[in-house]
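The residues making up each chain are set out below.
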Amino acid sequence: MDPSDQKERRVDREDQQAVDEMRARCFSPALVTAAPWEGFCFAGHEIRITEAVDCFGAVVWPSALVLCYFLETNAKQYNIVDKNVIEIGAGTGLVSIVATLLGARVTATDLPELLGNLQYNISRNTKMKCKHLPQVKELSWGVALDTNFPRSSNNFDYILAADVVYAHPFLEELLITFDHLCKDTTIILWVMQFRLEKENKFVDRFKELFDLEEISRFPSLNIKLYKAMKKNRRSA
Ligand SMILES: C[S@@+](CC[C@H](N)C(=O)[O-])C[C@H]1O[C@@H](n2cnc3c(N)ncnc32)[C@H](O)[C@@H]1O
């Protein structure tokens, strides 16, 4: 078999195995409950996420599962214990919860209308279980960044982002936000589900500002996991 076929088969096998393992981390309530939730097992905890139906950020997207799985299974190489971590477009908060349970100092951010449910899920799943209490803050991409996240006080070791690129009109603002939050040493872990041509174009645009490395791919989900760092940085 030619080496490229072999590689493709290996990627497919690993993809299937990882996706099966991720699915095994999800569960639903055994009984119908008054307040519905979805369950997930990560970082040695059962996590209960309340979803809503009225906006994009109100459900857990497959990219979030990929990022949680990655953080847990690569905890040695990407050690986030005591690290300053910000999540953008946190949605229901699953990724921020897992990062918190793994020991990071987390700031979970999203649009104002998402913050109530985000705060609820984060408090419910991290109270008395975490080393550092996570924060929830509004961050509308490109808006009031200098006021709410002044560059001089941004000190993030990691920026986490799951499924923040899709057909919305704020892609340039999203790029500005990544750039604004990033120091020379900040590592971006970004999971992207490819659906439309627009997303490929964003990756090209992103590469103008950041060094981008694909570190994992899940072809069956059309998802790639990237690591990125600022271009032309003074230290890495
Ligand atoms: C597809 S959802 C992904 C949610 C979560 N990361 C996940 O993977 O489950 C996209 C997220 O980006 C947020 N978002 C969209 N436009 C935004 C903007 N202009 N500023 C800040 N957040 C935004 C949404 O509110 C939503 O939480």
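For the structure itself, look to the data block above.
What counts and what doesn't
Residues numbered from 1 in each chain as written. Predicted model: local features only at pLDDT ≥ 70, side-chain atom pairs only at ≥ 80, totals over all residues. Heavy atoms only, no water. Salt bridge = Lys/Arg side-chain N within 4 Å of Asp/Glu carboxyl O. Helix = DSSP H or I, 4+ residues; strand = E, 2+ residues; numbered from the N terminus. Buried < 20%, exposed > 50% of the residue type's maximum accessible area, 1.4 Å probe, protein only. Pairing = 2+ DSSP bridges. Right-handed = clockwise from strand over helix to strand, strands pointing away. Core = buried A, V, L, I, M, F, W, Y, C linked by side-chain atoms within 4.5 Å. Contact = heavy atoms within 4.5 Å. Phe/Tyr/Trp six-rings, centres within 6.5 Å; stacked < 30°, edge-to-face > 60°. Lys NZ or Arg CZ within 6 Å of the ring centre and 35° of its normal.

### Details of the pattern of salt bridges
Step number 1: As enumerated under the stated definition, the model contains 10 salt bridges in all.
Step number 2: Between R151 and D179 there is a salt bridge, with its nearest N and O atoms 3.5 Å apart. With R151 in the loop between α5 (145-148) and β7 (158-162) and D179 in helix α6 (residues 171-181), this residue pair connects regions lying 28 residues apart in the sequence.
Step number 3: Looking at R151, the relative accessible area reads 44%, which means it is partly exposed.
Step number 4: Given a relative accessible area of 21%, D179 falls into the partly exposed group.
Step number 5: A salt bridge links K230 to D179; the shortest N-O distance between them is 3.5 Å. Taken together, the residues span a long stretch of sequence, with K230 in strand β10 (residues 223-230) and D179 in helix α6 at a distance of 51 residues.
Step number 6: One network of salt bridges, in which partners are shared, links R151, D179 and K230.

### Focus: the pairing of strand β6 (residues 135-138)
Step number 1: Relative to β6, strand β5 (residues 105-110) is paired through 4 bridges, and the arrangement is parallel. Along β6, the bridge assignment pairs T107 with Q135.
Step number 2: As for the winding sense of the linkage, the β-α-β connection from β5 through helix α4 (residues 115-126) to β6 is right-handed.

### Looking at the nonpolar core
Step number 1: Membership of the largest hydrophobic core comes to 46 residues, with the highest contact counts inside it found for I47, L94, L160 and L189.
Step number 2: If you tally residues by element for this core, the top one is helix α2 (residues 62-73), at 8 residues.
Step number 3: With residues near it in sequence (within four places) discarded, L189 still touches L67, F70, L71, Y78, Y158, I159, L160, A161, I215, Y226 and K227.
Step number 4: By size, the runner-up hydrophobic cluster in this structure holds 27 residues, among which are L145, I159, F202 and F210.

### Regarding the packing of aromatic side chains
Step number 1: All told, the structure shown has 10 aromatic pairs when counted by the stated rule.
Step number 2: Taking 6.4 Å as the distance between ring centres and 75 degrees as the angle between the ring planes, the aromatic pair formed by F178 and F210 counts as edge-to-face. Here F178, found in helix α6, pairs with F210, found in strand β9 (residues 210-218); they are 32 residues apart in sequence, far enough to count as distant.
Step number 3: On the basis of relative accessible area, F210 is assigned to the buried category, the value being 1%.
Step number 4: Here F202 and F206 contribute two aromatic rings whose centre-to-centre distance is 6.1 Å and whose plane-to-plane angle is 45 degrees, an arrangement assigned as tilted. Placement of both F202 and F206 in helix α7 (residues 197-209) is noted, with a separation of 4 residues, approximately one turn of the helix. Accessibility classification places F202 together with F206 in one group, the buried group.
Step number 5: The side chain of K137 reaches across the aromatic face of F149, ending 4.3 Å from its centre.

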